[in-house]
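So the chains spell out like this:
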Amino acid sequence: MHKNDGVSFTSSPLKIPLSQTPAFQLTGTRHLAFQLIDSLRNRFNNVKHHSTQFNVSAQSELGVRSSTRRSPLLCFASVSLAAEKQSIGRSPLLYSAFLSLTQPDSTESTQDGHLATAGPFGEERVLVGEVLVRNKDGEELERKDLEMEALNALKACGANSALTAWEVQEDVDRIIDSGYFSSCMPVAVDSRDGIRLVFQVEPNQELRGLVCEGANVLPSKFLENAFRDGHGKVVNLKRLGQVISSINGWYMDRGIFGLVSGVDIFSGGIVRLKVAESEVNDISVRFLDRKTGEPTKGKTKPATILSQLTTKKGQVYSRLQGKRDVDAISAMSLMDVSILPQSAGDAGKVDLIMNVVERPSGRFSAGAGISSGITSDLLSGLFGSFAYSERNLFGKNQKLNVSLERGQIDSTFRINYTDPWIEGNDKQTSRTITVQNSRSSGTLVHGNQHDNSSLSIGRVTAGVEFSRPLRPKWSGTAGLFFQRAGAHDEKKNPLIKDFYGSPLTASGKLYDDMLLAKVECVYPGSGNKGSSMFIINMEQGLPVIPDWLYFNRVNARVSKSVKLGPARLLLRLSGGHVVGNFPPHEAFAIGGTNSVRGYKEGAVGSGQSYVVGSSEVSLKMLGPVEGVIFADYGHDLWSGPNVPGNPAAARNKRGSGYGYGIGIRLNSPLGLLRLEYAFNDRFAKRLHFAFGNPK
């Protein structure tokens, strides 16, 4: 809420220190009352009179002994409960309560029979003829509803009842516990008609205004809703405690270090809430040894770790926000981290200590796989890989990857340098510099030569790309690359045309040079029930030099996963279009393991445009094994003749086709293994084996 700078308060009749779970408590009152009344008993112990004496004994040592008709039955005693100021979260919610046994001005004599001799525990009992509720001046309350609240709170005290001081005190507690009164003083008066017990109460004020101090993150709307029903009504301290609990609950639910630390009720009905919110005073990084747990020197720059945090100095600390920060640092895969909040020297502030245990950052790896671009036997598509990666270069979470993949046909040598978060950028933009020399099968579009020898497409690529989050679960990438591409035979001799005379380059030269601007947008989905995935990318050839290629290529993929009882339905759709001066190997090849199953790679068609749809139902079978039924369909949208040289027509590719079949999948330590048996619309059958999910 807005601060009320123009309001000043000169008195505070009621101060309420708070606990984490406010509860109205009266502690120690009875013990003090017993001591005071016992001292009064000793004071009058030696006073004698000829009239009836009142002999009282009690195990609790509570009692008054009187021997004069002119002396009051009960003499004055006052007990006021006070509490020292305690720390937030430990002090109980207390308020004033008074137990007073006063001497009246009446000169009436005490009559016999006004005092019963003993209670069930040997306590002195007093016969009360009448019970009233009055204000602190002894007058009737203006509001009868408050009088009824006090009377309804009484359990032991009633007309024509014999009471002990203990029972009177319990009813005092009950009146105070009703929440409508700031004080209650029981007064016993000896009169001609008997003893009259008067509870003199002081009602709380009506709520006329609210001031909240120290609440920087607590919404004012929440406070307004919490106090709306009480405006203009007598402040009920029990209800006030519930409101305070709801405010503390709001902080707790959001993991925010905050609570109501004090409440003042001022004259005029103004309630002031004091809220303590713990601000972050300092954030420090402490590296610990993985084996001993002792502090050590870390490799990672502290600034690199701190840059991942959304929690900043001066903010109110939130455990939920802290958990998100831990997740963000853990996503770097460089360290195990925990956040330890500690009280700072300044009141209401907290220091955050980040305990970091680093993991090894450099490693060698080796593996093997099968290329999806092989149209002949599987063995010819086998390749091996070797890689070295450093995930924390210069201690700044920068990554260097050097990898080599080598097969009978395909090969790739790649160097990647990635800075996951460019220093000084507030959008979490990453930068990747890539140098790559690759060779891939050209049979997807051009098939094999007349002597069954294969073509390969060689590419040398170098460039840079930038990526950043666009919105939750969305990311974007933009880059600029130079590429030189050309076709080769098995002896690595450059080729310009294939066996059918179709061109292999767009420029008519041995190699095509191009400057490519790339843009990609990705929604990865969550992988859960009903999750979706969407990817769209575009490549634009920029003719900075007249001989460089000028074309535009767009490709998009979308998938939707739906849970159907014990099974899961997966729908996929992909499509693309390329226009301009593009080489034939940049056409879209349809058919194969990740396209239309049941066909060889690229056997359905090679088009300037394409669309492929797929559906499959998978069902868990045993452990990590699941079975799948699938169906695929692909079409080149009658764009095959638009590809330079029309390589699809020369190889009798129909441009459309479908396939269906069954398969099994295994989640292994190497990843997802797929073995699928498919039939196509030409009554041919084919076995597909691959790693990873279909693309």
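Residues numbered from 1 in each chain as written. Predicted model: local features only at pLDDT ≥ 70, side-chain atom pairs only at ≥ 80, totals over all residues. Heavy atoms only, no water.

- Going by the annotation in an unreviewed UniProt entry, the name recorded for the protein chain is Bacterial surface antigen (D15) domain-containing protein, with Gossypium barbadense given as the source organism.

1. As for the overall build of the protein chain
Part 1 of the argument: Scanning the protein chain from terminus to terminus reveals 9 helices and 33 strands.
Part 2 of the argument: Per-residue burial over the protein chain gives 46% buried out of 695 residues.
Part 3 of the argument: Summed over all atoms, the accessible surface of the protein chain reaches about 35500 Å², with 54% contributed by carbon and sulfur. (Helix = DSSP H or I, 4+ residues; strand = E, 2+ residues; numbered from the N terminus. Buried < 20%, exposed > 50% of the residue type's maximum accessible area, 1.4 Å probe, protein only. Areas by Shrake-Rupley, 256 points an atom, 1.4 Å probe, with all protein chains shown as cover.)

2. Quick look at the nonpolar core
Part 1 of the argument: Judged by nonpolar contacts, the single largest core of 24 residues is most densely connected at F227, L240, I247, Y251, V271 and L273.
Part 2 of the argument: Broken down by secondary-structure element, the contributors of at least two residues to this core are strand 9 (209–213), helix 4 (220–227), helix 5 (237–253), strand 10 (258–266) and strand 11 (270–277).
Part 3 of the argument: In this structure, V133, A153, I175 and I195 belong to the second largest nonpolar core, which totals 23 residues. (Core = buried A, V, L, I, M, F, W, Y, C linked by side-chain atoms within 4.5 Å.)

3. Looking at the pairing of strand 23 (residues 512–523)
Part 1 of the argument: For strand 21 (residues 474–488) and strand 23, the ladder comprises 11 bridges, and the chain directions are antiparallel. Residue pairing for strand 23: F482 is matched across the bridge by L515.
Part 2 of the argument: Relative to strand 24 (residues 532–541), strand 23 is paired through 8 bridges, and the arrangement is antiparallel. The residue of strand 24 that forms the bridge with V522 is I535. (Pairing = 2+ DSSP bridges.)

4. Examining a nonpolar patch on the surface
Part 1 of the argument: Side chains of M621, L622, I629, Y633, Y658, Y660, I662, I664, L675, Y677, F679 and L687 sit close together on the surface and give an oily, nonpolar patch of about 1200 Å² of accessible area.
Part 2 of the argument: Sorting the residues of the nonpolar patch by element identifies strand 29 (609–622), strand 30 (625–635), strand 31 (656–668) and strand 32 (671–680) as the ones contributing at least two each.
Part 3 of the argument: One can find L622 in strand 29. (Patch = residues over 30% accessible without salt bridge, like charges linked within 9 Å, V, L, I, M, F, W, Y side chains within 5 Å. Salt bridge = Lys/Arg side-chain N within 4 Å of Asp/Glu carboxyl O.)

5. A short note on helix 5
Part 1 of the argument: The end-to-end C-alpha separation of helix 5 is 24 Å, in line with the 24 Å expected for 17 residues at 1.5 Å each.
Part 2 of the argument: L237, L240, G241, V243, I244, I247, N248, W250 and Y251 are the residues of helix 5 that are buried.
Part 3 of the argument: You can read the cap of helix 5 off the contacts: a side-chain oxygen lies 2.8 Å from the backbone nitrogen of K238, and it is on N236.
Part 4 of the argument: Positive phi appears at G255, one or two residues downstream of helix 5, with a value of about 65°. (Expected span 1.5 Å × (residues − 1). Polar contact = N/O pair within 3.5 Å; in protein donor to acceptor, adjacent residues only side chain to side chain.)

6. As for the environment of T292
Part 1 of the argument: Relative to the helices and strands, T292 resides in the loop between strand 12 (279–287) and helix 6 (302–306).
Part 2 of the argument: Within the local environment of T292, its side chain forms a polar contact with the backbone nitrogen of E294, the two atoms lying 3.3 Å apart.

7. Details of the packing of aromatic side chains
How two aromatic rings sit relative to each other is given by the distance of their centres and the angle of their planes.
Part 1 of the argument: Taken as a whole and assessed by the stated rule, the structure comprises 13 aromatic pairs.
Part 2 of the argument: Between W474 and Y523 the ring centres are 5.1 Å apart and the planes differ by 40°, which places this aromatic pair in the tilted class. Highlighted residues: W474 in strand 21 and Y523 in strand 23, separated in sequence by 49 residues.
Part 3 of the argument: You can call W474 partly exposed: its relative accessible area is 27%.
Part 4 of the argument: With a relative accessible area of 21%, Y523 lands in the partly exposed category.
Part 5 of the argument: Seen from their ring centres, F689 and F691 are 5.7 Å apart, and the 75° between their planes marks the pair as edge-to-face.
Part 6 of the argument: Taking the relative accessible area as the measure of exposure, F689 reaches 27% and is therefore partly exposed.
Part 7 of the argument: Among the aromatic side chains, those forming a connected cluster through ring pairs are F222, W250 and Y251. (Phe/Tyr/Trp six-rings, centres within 6.5 Å; stacked < 30°, edge-to-face > 60°.)

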